[in-house]
Amino acid sequence: MPAASADSTAPVSVVTALYLGTKVLHTEAERSGIIKDMLRGDVSRKGYVLLQRNLLAAYQALEAGLESHRDTPALAALAQYRLDRASAIQADLNVLCDGDFSAVPMLPAGEAYAKRIADAAKGDGELLIAHAYTRYLGDLSGGQILKRLLAKKPGLAPEELSFYDFPAYADLAALKSDYRSALDEAGKLAKNPQAIIDEGSVAFQLNTDLSWAVQGAIEAEQVAS
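Bear in mind the structure is a predicted one, so any value in this text is a computation, not a measurement.

Rules used throughout
Residues numbered from 1 in each chain as written. Predicted model: local features only at pLDDT ≥ 70, side-chain atom pairs only at ≥ 80, totals over all residues. Heavy atoms only, no water. Helix = DSSP H or I, 4+ residues; strand = E, 2+ residues; numbered from the N terminus. Rg over C-alpha atoms; globule rule 2.2 N^0.38 Å. Buried < 20%, exposed > 50% of the residue type's maximum accessible area, 1.4 Å probe, protein only. Contact = heavy atoms within 4.5 Å. Areas by Shrake-Rupley, 256 points an atom, 1.4 Å probe, with all protein chains shown as cover. Axes fitted to C-alpha atoms, helices over the stretch in contact; angles between N-to-C directions. Parallel < 35°, antiparallel > 145°, perpendicular 65-115°, else oblique. Salt bridge = Lys/Arg side-chain N within 4 Å of Asp/Glu carboxyl O. Expected span 1.5 Å × (residues − 1). Arc of directions from axis to C-beta.

**Q** So what's going on with the overall build of the protein? Residues and values would help.
**A** For the protein, the helix and strand inventory stands at ten helices and zero strands. Start at the N end of the protein and walk to the C end: the helices and strands fall as α-α-α-α-α-α-α-α-α-α. Since a compact globule built from 225 residues should have a radius of gyration of about 17 Å, the 17 Å found for the protein is in line with a globular shape. With respect to the three principal axes, the spread of C-alpha positions in the protein is 60 × 35 × 30 Å. A total of 225 residues make up the protein; the buried ones form 48% of that total. Of the contacts made within the protein by residues no fewer than 6 positions apart, 82% connect residues no fewer than 24 positions apart. As presented, the protein carries roughly 10,500 Å² of accessible surface, and 55% of it is formed by carbon and sulfur atoms.

**Q** Hey, could you go over the packing of helix α3 (residues 45–68) against helix α6 (residues 108–120) for me, with residue numbers and the actual values?
**A** At their nearest, the axes of α3 and α6 sit 8 Å apart, and the two run at 5° to each other. Our classification of the angle between α3 and α6 gives roughly parallel. Contacts between α3 and α6 pair Asn54, Leu55, Ala57, Ala58, Ala61 and Leu62 from the former with Gly110, Tyr113, Ala114, Ile117 and Ala118 from the latter.

**Q** Tell me about the pattern of salt bridges, and please be specific about residues and values.
**A** This model, assessed by the stated rule, comprises eleven salt bridges. The residue Glu67 makes a salt bridge to Arg82 at a minimum N-O spacing of 3.4 Å. Pair noted here: Glu67 is in helix α3 and Arg82 is in the loop between α4 (76–79) and α5 (85–96), with a separation of 15 residues, a long-range link. A relative accessible area of 36% means that Glu67 is categorised as partly exposed. Between Asp119 and Lys115 there is a salt bridge, and its shortest N-O distance comes to 2.9 Å. Taken together, the residues span about one helical turn, with Asp119 and Lys115 both in helix α6 at a distance of four residues. Given a relative accessible area of 31%, Asp119 falls into the partly exposed group. Three or more residues joined by partner-sharing salt bridges are found here, namely Glu67, Arg70 and Arg82.

**Q** Could you give an account of α5, naming the residues involved and the relevant values?
**A** Taking 1.5 Å per residue as the helical rise, α5 with its twelve residues ought to reach 16 Å, and the 16 Å between its terminal C-alpha atoms agrees with that figure. Among all positions in α5, only Arg85, Ala86, Ala88, Ile89, Asp92, Leu93 and Leu96 are buried. Down the axis of α5, the buried side of the element spans an arc of 160°, and every buried residue falls inside it. Among the structural elements, α3 and α7 (128–140) are those in contact with the buried residues of α5. Downstream of α5 by one or two residues, Asp98 has phi in the positive range, about 55°.

**Q** Lay out the environment of Gly216 in plain terms, naming residues and giving numbers.
**A** As for its position among the elements, Gly216 is in helix α10 (residues 193–224). Assessed through its relative accessible area of 34%, Gly216 is described here as partly exposed. With 169 residues separating them in the primary sequence, Gly216 and Gly47 have C-alpha atoms 9.9 Å apart.

**Q** Give me the lowdown on unusual backbone geometry, citing residues and values where you can.
**A** Between Lys153 and the following residue, Pro154, the backbone shows a cis peptide bond with an omega angle of 15°. As for its position among the elements, Pro154 is in the loop between α8 (142–152) and α9 (172–189). The backbone of Asp84 shows a phi angle near 50°, a positive value even though the residue is not glycine. Along the chain, Asp84 turns up in the loop between α4 and α5. You will see that Asp98, though not glycine, has its phi angle at about 55°, which is positive. Inspection of the secondary structure puts Asp98 in the loop between α5 and α6. On the accessibility criterion, Asp98 (77% relative accessible area) is exposed.

Geometric descriptors of this kind do not, in isolation, establish any biological role.
Here is the structure:
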């Protein structure tokens, strides 16, 4: 898809373009490391905790970035959604780790992911659209499947899975539809839609890298013990 300037024709749907542009990478992410274990219902409690600890920094960067662009035309509609996943992860981690998750390490892959999102927030911040698509639409889609799987194994309790709940929204299907529309509206106002599509590929690769890193860290700990 060619890049578009502010005066040229923007893509009809940035969500569709992101979906098509990241389809292969999305499949690779689902087959990677800890994510593959989660999807087949075979993840350990420790593995899940390590993943969420490392995703926390990514969500903090994303939500801080969106908040900083509340008055940026292309991002204003997205910034109005206070999905607030970072505080939900923190709440879950506090329960999972008996009130203190400070000993759970940040991995280099997690730090790289958070830094990339922080960098995306610089300037006009339009690259955040790709990260909002990757994270939030994922949470509203596959995330709901993961919630059910995690409740079975490793048997996480509801208070350990609040990350997958959106208490401010009674209808998750409607929220997903509305958020998709907000992403598309943001894409129509973006100066360089192609850069957003390219950033979507980066986002999925960073997710895949983190997934393998978490699995590797857990396996290394098991060998050491």
